[in-house]
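Architecture and fold: a report
What follows is each chain in one-letter form.
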Amino acid sequence: MPAAHDASQDQASDDDVLVPIPPDHGEVEPAPEEVRANLYDFPKYYDLVFGSDWKAEYDFLLECFDKYRPGKVKTTFEPACGTGRLMVKLGKAGLAVAGNDLNEKAVAFCNERLKRHGLPETAVVGDMADFKLQKPVDACFNMINSFRHLGSEAEAQSHLNCVADALKPGGLYLLGLHLTPEDDDWEGEETWHARRGQLSIISDLRTTDFDRSKRMETLGMTFNITTPTRHFVMRDTMHYRTYTRKEMAELFSSVDRFEILETYDFCYDIEEPIIIDELTEDVVYVLRAK
Ligand SMILES: C[S@@+](CC[C@H](N)C(=O)[O-])C[C@H]1O[C@@H](n2cnc3c(N)ncnc32)[C@H](O)[C@@H]1O
């Protein structure tokens, strides 16, 4: 049935205000420019998106050093150090810090940052699966999935051997990564807005493919970036090797260079170690070199 006509809707009222809209000549806001690029080639953007969360990790590292090697951690090394967001804080706390990374731009950014804070420029371009330190250190750390960039079991083993060789006997390795839980729910999606000064980045990270047989997770990343002079969208794709808790256990036992002292999750609460079960996703292994 048609709705009854309401005559009052046709009447102009004294309260009505007509606001002129300037002619737009049919123009709409232009879509931001889109670029495909590797986030790691833009250390400033990487650092804003992933660097803001440093405090919980930093506190946790210091607490682990105290708890598992009291009074003995003076020298540290970070494989795949990136922009050095944690190195610089630990350096300022009085620890000797050094690190390596495959990405030259990240290493240059890291050294520049260390220098700005009056610390030696100790980041080098290097492969975390193939490096040797001149002098062994008291602790190594690798907190947020960088280890999963290693594409094969052989590289993962080689990495663990390099780290074990880089540590003094009894030295610690704190290794953080996301495990594949044993249910089938692998879909992940995160959206964040980060701002530093006049730089603003809205990031959207989502798992676009997860191949259990090939042990490969593909992550699609979109960064909507606004600077004082430019607005653009950067797209990147990242590949991460996958690990179940069992695959990690097999890897550790095949290398047999570390003892697992304890495990935590990404809440980084030193009072709350976790027991890894079939649903565990984020984990930090506290390892001690044998
Ligand atoms: C998620 S970022 C982490 C950076 C830093 N550890 C942090 O916590 O901010 C991963 C880093 O691993 C580096 N990377 C990937 N494969 C590597 C390899 N084989 N050896 C050294 N660095 C590597 C990348 O260049 C990138 O800087």
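Because the structure is predicted, anything quoted here is derived from the model rather than measured.

What about the packing of helix α3 (residues 85-92) against helix α4 (residues 104-116)?
Running from amino to carboxyl end, α3 crosses α4 at an angle of 20 degrees, the nearest separation of the two axes being 10 Å. The angle between α3 and α4 places the two elements in the roughly parallel class. Two packed elements cross with a definite hand, and for α3 against α4 that hand is right-handed. Together, Met87, Val88 and Gly91 of α3 and Cys110, Arg113 and Leu114 of α4 make up the contact between the two elements.

Digging into the site of the ligand
Close to the ligand lie 22 residues; Ala80, Gly82, Asn103, Met128 and His149 are nearest. Taken together, the elements giving at least two residues each to the shell around the ligand come down to α3 and β3 (96-101). Across the shell around the ligand, the residue classes break down as 12 nonpolar, 6 polar and 4 charged.

What about unusual backbone geometry?
The phi angle at Arg215 is positive, at roughly 55 degrees, despite the residue not being glycine. Locating Arg215 in the fold gives a position in the loop between β8 (199-211) and β9 (216-226). Looking at Arg215, the number of C-beta atoms within 10 Å reads 18, which means it is partly exposed. With a phi close to 55 degrees, Tyr268 is a non-glycine residue in the positive phi region. With respect to the helices and strands, the residue Tyr268 is situated in the loop between β11 (258-264) and β12 (282-289). Under the C-beta neighbour-count criterion, Tyr268 is labelled buried, with 21 such atoms within 10 Å.

Quick look at the sheet that holds strand β5 (residues 137-142)
Here 7 strands make up an open sheet; going across it, the order is β4-β3-β2-β5-β6-β12-β11 and the pairing mixed. Two strands lie at the open edges of the sheet, namely β4 (123-125) and β11, each paired on one side alone. Direction aside, the axes of adjacent strands within the sheet are offset by 20 degrees on average. Pairing geometry for β3 and β4, over 3 bridges, is parallel. In the strand pairing of β4, Asn100 is matched with Val124.

A closer look at the sheet that holds β8
The pairing of strands in a sheet happens through backbone hydrogen bonds and is either parallel or antiparallel. The strand order across the open sheet formed by 5 strands is β1-β10-β9-β8-β7, and the pairing between neighbours is mixed. Unpaired on one side and paired on the other, β1 (33-36) and β7 (189-196) mark the two borders of the sheet. For this sheet, the mean angle separating the axes of adjacent strands, direction not counted, is 20 degrees. Pairing geometry for β8 and β9, over 11 bridges, is antiparallel. In the sheet register, Ser200 faces β9, and the bridge partner there is Thr226. Sitting on the sheet, helix α1 (residues 43-51) is in contact with β7, β8 and β9, with an inclination near 80 degrees to β8.

Conventions we followed
- Residues numbered from 1 in each chain as written.
- Predicted model: local features only at pLDDT ≥ 70, side-chain atom pairs only at ≥ 80, totals over all residues.
- Axes fitted to C-alpha atoms, helices over the stretch in contact; angles between N-to-C directions.
- Helix = DSSP H or I, 4+ residues; strand = E, 2+ residues; numbered from the N terminus.
- Parallel < 35°, antiparallel > 145°, perpendicular 65-115°, else oblique.
- Left-handed = near helix turned anticlockwise from the far one by under 90°.
- Contact = placed C-beta atoms within 7 Å.
- Near = placed C-beta within 6 Å.
- Nonpolar A, V, L, I, M, F, W, Y, C, P; charged D, E, K, R; others polar.
- Buried ≥ 20, exposed ≤ 12 C-beta atoms within 10 Å, placed from the backbone.
- Pairing = 2+ DSSP bridges.

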